[in-house]
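If you want the building blocks of each chain, they are given just below.
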Amino acid sequence: DQQYRKFYYNYDQLNENSHFEKVRDLVENIYTNEFLAKSVYNWNVGLKKADPSSSMPLQRNFYSKYIQSSKDRVVVIISDAMRYEVGESMMSILPSYALRGMGALLPHKSLELTQENKVLVDGMPCDSLKQREVILNSYTPNSRCIQFDDLKLMKKMELREVFTGMDVVYVYHNQIDARGDKLSTENEVFTACYEAVDEVFTMIKRISTNANTLHFIVTSDHGFIYKRDKLQETDKIIHVADKDAFINRRFIVAEDALEDDGITSYSMDKILGNKDTKWVSVPVSSNVFKVTGGGQNFVHGGSSPQEMLVPVIDVKVEKGHADTRPAQIVLVSMVQKITNLISSLDFIQSEPVSDVIKETSYKVFFISEDNEKISNECIYIADKKDNDPSKRIFRLKFNFKNKQY
């Protein structure tokens, strides 16, 4: 999965890819017919034979396993549709789609899928950010839920206020699923994977530096399957589910299990650990149920390792440690030619000095092509803390050797 993703990410960077069409077809055939077909089938055979809870962590135990006993503040970053290949894994709930996964990641005594196909956590809805925060508060009073994009827009002091006094903060990040779930952008999903990793990494550094927070857990609600070639009619399963069933491309939840070639079913009571009598039926391959509308190449909700395995990355930042760099200075004078032996040039300190931008001393002078020093040496200390760039502009005066140039 990871190599397939990297192949298409780089293939899509090419301005002219006609020379690589044959290798693209080869990669597509190997991934779809050799790897994906076998891995999804064998995964479902394994799920049927063994109790997965005995061999790997379950998403519905996430809070009790990773959060409940933590002695320091924990920031949980949930990146929608970030699949297993990013880090150490746990197994998501079935069906492997957003609301089920978001509910399972919250603390809970019970998970429930109602007759109206609404997900309830301890009998409470969890669709919106506010509803999830109510559930989280009932277990950890000093806690909150917030959107990743809202954090990105915050200034340093605003960011600090979000985390001050909190024991647990859930941050919801939506880069991969937002692109993959739209027909017009689903082919950008592998680019979104790279951007998601960069965004989460940058946010961890920013929060740890500005909000005195050192413990982070990065996870996801579900993974995904993505194939570049368009689905054929032979890839679609015509189902016979009744009109009251919850029907998706990769799963059907109904009162009765669907029994047909290429379909397997799991009882909801085992999935949720309750007395639910419904069944979830899924393709045993990467095929989809035939439904109308939406994208088709990016799918999730079914029982494949690509959809059900999600990362749990435990990050602890060393206290007092931050990546620092020296303050930079840049020439801003639009001078192409110097015609006087005494000349002044304007520079700017690129960023204000801060916790991560350190005061730095510079020696500035001119040299000739053969490395002879041909001017005086100006000493400048880049120590400006002003946020206004105009206040970080400075002028240096140079005296040149009196000679022919």
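Everything numeric here is computed off the predicted structure, so don't read it as measured data.

Trainee: What should I look at first to understand the overall build of the protein in this one?
Mentor: Scanning the protein for helices and strands turns up 11 helices and 25 strands. Scaling as 2.2 N^0.38, a compact globule of 405 residues should have a C-alpha radius of gyration of about 22 Å, whereas the protein reaches 28 Å, well beyond that. The dimensions of the protein, computed from C-alpha atoms along their principal axes, are 95 × 60 × 35 Å. In the protein, which comprises 405 residues, the share counted as buried stands at 46%. Summed over all atoms, the accessible surface of the protein reaches about 21,500 Å², with 51% contributed by carbon and sulfur. Charge separation in the protein, taken as the distance between the mean sites of 52 positive and 57 negative side-chain charges, equals 6 Å.

Trainee: What exactly am I supposed to notice about the sheet that holds strand β21 (residues 342-349) here?
Mentor: What links the strands of a sheet is backbone hydrogen bonding, and the strands pair in either a parallel or an antiparallel sense. Ordered by their spatial adjacency, three strands build an open sheet running β20-β21-β25, and the pairing between neighbours is antiparallel. The sheet is open, and its two borders are formed by β20 (329-331) and β25 (393-399), each paired with just one other strand. Neighbouring strand axes in the sheet, compared pairwise and without regard to direction, differ in orientation by 35° on average.

Trainee: Would you mind showing me how to read a nonpolar patch on the surface here?
Mentor: A surface patch of nonpolar side chains, about 410 Å² in accessible area, is lined by L14, F20, V23, L26 and I30. With respect to the secondary-structure elements, I30 resides in helix α2 (residues 21-49).

Trainee: Where do I start with the sheet that holds strand β12 (residues 252-254) in this structure?
Mentor: Spatial strand order, β11-β12-β14-β13: four strands in an open sheet with antiparallel pairing. The open sheet has two edge strands, β11 (246-247) and β13 (263-267), and neither has a second partner. As paired elements, β11 and β12 share two bridges and run antiparallel to each other. The residue bridging F246 from the neighbouring strand is V253, located in β12. Contacts from α2 reach β13 and β14 (279-283), with the element oriented near 35° to β13.

Trainee: What is the right way to read the side chain of S303 from this model?
Mentor: Inspection of the secondary structure assignment puts S303 in the loop between β16 (298-299) and α11 (305-308). Ignoring any residue separated from it by four or fewer positions in sequence, one finds S303 in contact with V40, W43, N44, L47, L94, R250, Y266, V282, P283 and M308.

Trainee: Is there a simple way to think about α2 in this case?
Mentor: Note that an α-helix has 3.6 residues per turn; residues three or four places apart therefore point the same way. When the terminal C-alpha atoms of α2 are compared, their 41 Å separation across 29 residues agrees well with the 42 Å that a helix rising 1.5 Å per residue should span. Most pronounced at L36, the bend in α2 amounts to some 35°.

Trainee: Any chance you could explain the pattern of salt bridges here in plain terms?
Mentor: Where charged atoms from two side chains of opposite charge come close, those side chains can pair. Tallied over the full model, the rule gives 22 salt bridges. One salt bridge connects R24 with D25, and the closest N-O pair in it is separated by 2.9 Å. For R24, a relative accessible area of 14% corresponds to the buried category. Residue R83 pairs with E85 through a salt bridge whose shortest N-O separation is 2.8 Å. Under the relative-accessibility criterion, R83 is labelled buried at 1%. The structure contains a network of salt bridges with shared partners spanning R5, R83 and E85.

Trainee: Whenever I open this one, the packing of helix α1 (residues 2-11) against α2 confuses me. Can you help?
Mentor: Axis angle and axis distance: for two packed helices, these are the angle between their axes and the distance between the axes, and together they describe the pair. Following both chains from N to C, one finds α1 and α2 inclined at 155°, their axes separated by 11 Å at the closest point. With respect to their mutual orientation, α1 and α2 come out roughly antiparallel. Crossing hand, α1 versus α2: left-handed. Judged by residue contacts, Y4, F7, Y8 and Y11 of α1 engage E21, V23, R24, V27, E28 and Y31 from α2. Grouping the constituent residues of the contact of α1 with α2 by class yields seven nonpolar, no polar and three charged.

Trainee: Can you walk me through the pairing of strand β24 (residues 378-382) in this structure?
Mentor: Moving residue by residue along a regular strand, the side chains alternate between the two faces of the sheet. Burial of β24 is one-sided: the residues C378, Y380 and A382 facing one way are buried, the residues I379 and I381 facing the other way are not. Bridge analysis of strand β23 (residues 360-364) against β24 gives five bridges, and the strand direction is antiparallel. Bridge pairing in β24 places Y362 opposite Y380.

Trainee: Would you mind showing me how to read the packing of aromatic side chains here?
Mentor: The relation between two aromatic rings is expressed through the spacing of the ring centres and the mutual angle of the planes. Summed over the entire model, instances satisfying the criterion amount to 21 aromatic pairs. With centroids separated by 6.0 Å and ring planes inclined at 85°, the aromatic side chains of Y8 and Y11 adopt a geometry described as edge-to-face. Here Y8 pairs with Y11, and both are found in helix α1, just three residues apart, close to one helical turn. For the pair shown, Y8 and Y11 are each scored as buried. Considering the side-chain rings of F246 and F251, the 5.2 Å spacing of their centres and the 85° angle between planes classify their relative orientation as edge-to-face. Ring-pair connections join several aromatic residues into one group, and the members of that group are Y4, F7, Y8, Y11, Y31, F35, F190, F224, Y226 and F298. Here the guanidinium or amino end of R132 rests over the ring plane of Y172, the centre of that ring lying 4.9 Å away.

Trainee: Would you take a moment to explain the side chain of D80 for this structure?
Mentor: Structurally, D80 can be placed in the loop between β1 (74-79) and β2 (89-91). The buried charged residue D80 lacks any salt bridge partner; its closest oppositely charged side chain belongs to R132, at an N-O distance of 7.3 Å. Here the side chain of D80 touches H222 through a polar contact of 3.1 Å, side chain to side chain. If we ignore the near neighbours within four places in the chain, the residues touching D80 are A98, M102, H173, N174, I176, D177, S220, D221 and H222.

Trainee: I tried to follow the nonpolar core on my own but got confused; where do I start?
Mentor: Nonpolar side chains in soluble globular proteins generally cluster together in the buried interior. Within the largest apolar cluster, 44 residues are counted, with the highest numbers of intra-cluster contacts made by F62, I67, Y170, I271 and V280. For this core, the leading source of residues is helix α3 (residues 62-67), giving four residues. For F62, the contacting residues outside a window of four places in its chain are I67, V76, M90, L105, Y170, I217, T219 and V312. Core analysis: the second largest hydrophobic core is formed by 40 residues, F148, A211, L231 and V288 among them.

About the cut-offs
Residues numbered from 1 in each chain as written. Predicted model: local features only at pLDDT ≥ 70, side-chain atom pairs only at ≥ 80, totals over all residues. Heavy atoms only, no water. Helix = DSSP H or I, 4+ residues; strand = E, 2+ residues; numbered from the N terminus. Rg over C-alpha atoms; globule rule 2.2 N^0.38 Å. Buried < 20%, exposed > 50% of the residue type's maximum accessible area, 1.4 Å probe, protein only. Areas by Shrake-Rupley, 256 points an atom, 1.4 Å probe, with all protein chains shown as cover. Lys, Arg positive; Asp, Glu negative; His and termini not counted. Charge placed at Lys NZ, Arg CZ, Asp CG, Glu CD. Pairing = 2+ DSSP bridges. Axes fitted to C-alpha atoms, helices over the stretch in contact; angles between N-to-C directions. Patch = residues over 30% accessible without salt bridge, like charges linked within 9 Å, V, L, I, M, F, W, Y side chains within 5 Å. Salt bridge = Lys/Arg side-chain N within 4 Å of Asp/Glu carboxyl O. Contact = heavy atoms within 4.5 Å. Expected span 1.5 Å × (residues − 1). Bend = angle between axes of the 7 residues up to and from the residue. Parallel < 35°, antiparallel > 145°, perpendicular 65-115°, else oblique. Left-handed = near helix turned anticlockwise from the far one by under 90°. Nonpolar A, V, L, I, M, F, W, Y, C, P; charged D, E, K, R; others polar. Phe/Tyr/Trp six-rings, centres within 6.5 Å; stacked < 30°, edge-to-face > 60°. Lys NZ or Arg CZ within 6 Å of the ring centre and 35° of its normal. Polar contact = N/O pair within 3.5 Å; in protein donor to acceptor, adjacent residues only side chain to side chain. Core = buried A, V, L, I, M, F, W, Y, C linked by side-chain atoms within 4.5 Å.

In short, geometric facts, not functional conclusions.
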